[in-house]
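# Overview (structure and organization)
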Amino acid sequence: MSIAAISQFGDAAACPRLVLKVGSALLVDRGGIVRRAWLEGLAAEIAEARGRGQQVVVVSSGAIALGAARLGLAQGGRASLADAQAAAAVGQIALSAVWAELLGAHVLTAAQLLLTLDDLEDRRRYLNASSTLARLLEQGAVPVVNENDSVATAEIRFGDNDRLAARVAQAAGADAVILLSDVDGLFDRDPRDPAAELVREVSGVDETVRAMAGAGSGSGMGSGGMVSKLQAAEIAGRAGIALAIVNGTHDRPLSRALAQDRGTLFHAQRRDGGRKAWLGGRIAPAGVLTVDEGCAAALGGGSSLLAAGVIAVDGEFARGDLVTIHGAKGDRLAQGLIEYSAAECRAIAGRKAGDQAELLGYAPRAAVVHRDHMVLL
Ligand code: GLU
């Protein structure tokens, strides 16, 4: 049963497993204090969802904002990476305590998971995280997930919990993700423009949809904004997971969004198999291969990527790394696992199979990126 309306995010038959992402601006006030009354309402709503037979995974931001206030750091702890890491270490312990307490008041057991980007980019570690989530949910716990900001460095960070929520939803085998935001959803233009209208449904994030996201969130507390929400919607959509952006600023925001069916619903697009969905959701490619038009058309038709169609190779990567494949105009076509190092790719780019053995010094592989290890974007 696929999810066709936001109201169905609260239906245990359509959505047995739900990921709920809560942003910093909702959880923490401007003074750096937890918005406790609001959070109590949300904890009650999570308990209600559980009562309806839904399993819930929470992705909670707020560590940096909470910790920055306690440490007296400027710019909400986001002035430097070192500040953010220190703030998160202080804030996370407080954040877990409040979740454990407020869920505990409903006899729910909170379980903390702190993940880094690599925990979900690496296949083996992704499977580990996935089985931990499954076991926790089976045992009736409510996983509360955040990025492990204290050890994440600039290169290996999600940096926003929107994409983290989409990746966690994949790892948890969830049916839907709700991003609680400080706006009603995606608007067709800058939401400050009085003519702006809420976009109720999106079937596939394309250039038109991306163009609407420029204005973003104004809170300045989280790092998300509308751009990362759309990226989250793309990751979820490709994995067969519906995603909704709803306004979280009201008391009991979940019940309100479900009852009023208000927000932006991103329909699930396709359900890739487990491994392909993981691959399609990966977000840290090591390089970019640009291909000519003929090659782009062949990829769209399901072919593997052959060296003859490659016109440029950017980045440094080794065999087995993730690369993104772009069309000649810079449009993202696909991503997959590369069969060659960057140096080898440069050597054989644009060359036919017959010329490659001499350039490589060994018999060439069947493809530069094999279709079994590639996902169209
Ligand atoms: N992980 C960060 C935190 O807990 C928030 C990231 C975001 O703003 O989305 O503070």
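Description of the structure in this document. (Residues numbered from 1 in each chain as written. Predicted model: local features only at pLDDT ≥ 70, side-chain atom pairs only at ≥ 80, totals over all residues. Heavy atoms only, no water.)

Looking only at helices and strands, the protein chain has 14 helices and 13 strands in total. By principal-axis analysis of the C-alpha atoms, the protein chain measures approximately 70 × 45 × 40 Å. Residues counted as buried form 50% of the 377 residues belonging to the protein chain. Considering only residue pairs separated by 6 or more positions, the protein chain has 74% of its internal contacts joining residues 24 or more positions apart. Accessible surface, the protein chain: about 15500 Å² in total, of which carbon and sulfur atoms supply 51%. A distance of 3 Å separates the average location of the 38 positive side-chain charges in the protein chain from that of its 42 negative side-chain charges. (Helix = DSSP H or I, 4+ residues; strand = E, 2+ residues; numbered from the N terminus. Buried < 20%, exposed > 50% of the residue type's maximum accessible area, 1.4 Å probe, protein only. Contact = heavy atoms within 4.5 Å. Areas by Shrake-Rupley, 256 points an atom, 1.4 Å probe, with all protein chains shown as cover. Lys, Arg positive; Asp, Glu negative; His and termini not counted. Charge placed at Lys NZ, Arg CZ, Asp CG, Glu CD.)

Turning next to the environment of Leu27. Tracing the backbone shows Leu27 in helix H1 (residues 24-27). The class for Leu27 is buried, based on a relative accessible area of 0%. Those residues in contact with Leu27, other than ones at most four positions away along the chain, are Val22, Ile33, Val34, Arg35, Leu39, Ser60, Ser61 and Leu95.

The next thing to look at is empty space enclosed by the protein. A probe as big as a water molecule, rolled over the atoms, marks out the empty space that is left. Per the stated rule, a full pass over the model turns up two cavities of 30 Å³ or more. Its boundaries defined by the atoms lining it, the second largest cavity holds a volume of some 50 Å³. Those elements giving two or more residues to the lining of the second largest cavity turn out to be strand S7 (242-247) and helix H10 (253-260). With three residues, H10 is the largest single contributor of residues to the lining of the second largest cavity. Grouping the constituent residues of the lining of the second largest cavity by class yields three nonpolar, two polar and three charged. (1 Å grid on protein atoms, 1.4 Å probe; cavity = no way out; pocket = protein on both sides within 12 Å on 5 of 7 lines; lining within 4 Å. Points joined across faces, edges and corners; volume = space filled by probe spheres on them. Nonpolar A, V, L, I, M, F, W, Y, C, P; charged D, E, K, R; others polar.)

Turning to the pairing of strand S12 (residues 332-337), a few remarks are in order. Remark: a regular strand shows side chains that alternate across the two faces of the sheet. Buried residues dominate S12, accounting for five of its six residues. Remark: five residues form the turn of the hairpin made by strand S11 (residues 322-326) and S12, two consecutive strands paired antiparallel; Gly330 in that turn has positive phi of roughly 90°. Where S12 meets strand S13 (residues 374-376), three bridges bridge the pair, whose relative direction is antiparallel. Bridging from a neighbouring strand, Ala334 pairs with Leu376 of S13. (Pairing = 2+ DSSP bridges.)

Time to look at the pairing of S11. Most of S11 sits out of view: five of its five residues are buried. A two-sided burial pattern is seen for S11, the buried positions comprising Leu322, Thr324 and His326 on one face and Val323 and Ile325 on the other. Relative to S11, strand S9 (residues 287-291) runs parallel, the two being bridged by four bridges. If you follow Thr290 over to S11, its bridge partner there is His326. Examined bridge by bridge, S11 and S12 share five bridges and lie antiparallel to one another. Each bridged residue has a counterpart across the sheet, and for Val323 the counterpart in S12 is Gly336.

Another aspect to go through is the side chain of His267. Inspection of the secondary structure puts His267 in the loop between strand S8 (264-266) and helix H11 (274-281). Accessibility expressed as a relative area gives 17% for His267, which makes it buried. Leaving out residues up to four positions away in the same chain, His267 has contacts with Ile3, Ala4, Glu201, Val202, Ser203 and Gly237.

A word on the sheet that holds S8. Spatially, eight strands are ordered S3-S4-S2-S1-S5-S7-S8-S6 in an open sheet, and the strand pairing comes out mixed. The open sheet has two edge strands with one neighbour each: strand S3 (110-115) and strand S6 (201-202). Looking at chain direction, S7 and S8 are connected through three bridges and run antiparallel. Note that in S8 the partner of Ile245 across the bridge is Thr264. Packing of helix H2 (residues 36-51) onto the sheet brings it into contact with strand S1 (17-22), strand S2 (55-60), strand S4 (142-147) and strand S5 (176-181), and relative to S2 it is tilted by some 155°. (Axes fitted to C-alpha atoms, helices over the stretch in contact; angles between N-to-C directions.)

For the rest of this paragraph, the subject is the sheet that holds S11. Taken in spatial order, the five strands line up as S10-S9-S11-S12-S13 in an open sheet, and their pairing is mixed. Strands with a single pairing partner mark the edges of an open sheet, and in this sheet they are strand S10 (310-315) and S13. The mean inter-strand angle of the sheet, taken between neighbouring strand axes irrespective of direction, is 20°.

In this section: the pattern of salt bridges. Evaluation of the coordinates by the stated rule reveals 19 salt bridges. One salt bridge connects Glu101 with Arg36, and the closest N-O pair in it is separated by 2.5 Å. Taken together, the residues Glu101 in helix H4 (residues 81-104) and Arg36 in helix H2 connect sequence positions 65 residues apart. The exposure class assigned to Glu101 is partly exposed, which follows from its relative accessible area of 43%. Classification of Arg36 as partly exposed rests on a relative accessible area of 34%. Here Glu316 ties to Arg346 by a salt bridge, and the two come within 3.1 Å at their closest N and O atoms. On the criterion of sequence distance, the pair formed by Glu316 in the loop between S10 and S11 and Arg346 in helix H13 (residues 342-348) is long-range, its members being 30 residues apart. With relative accessibility at 38%, the residue Arg346 sits in the partly exposed group. Linked by salt bridges that have partners in common, Glu207, Arg210, Glu234 and Arg238 make up one network. (Salt bridge = Lys/Arg side-chain N within 4 Å of Asp/Glu carboxyl O.)

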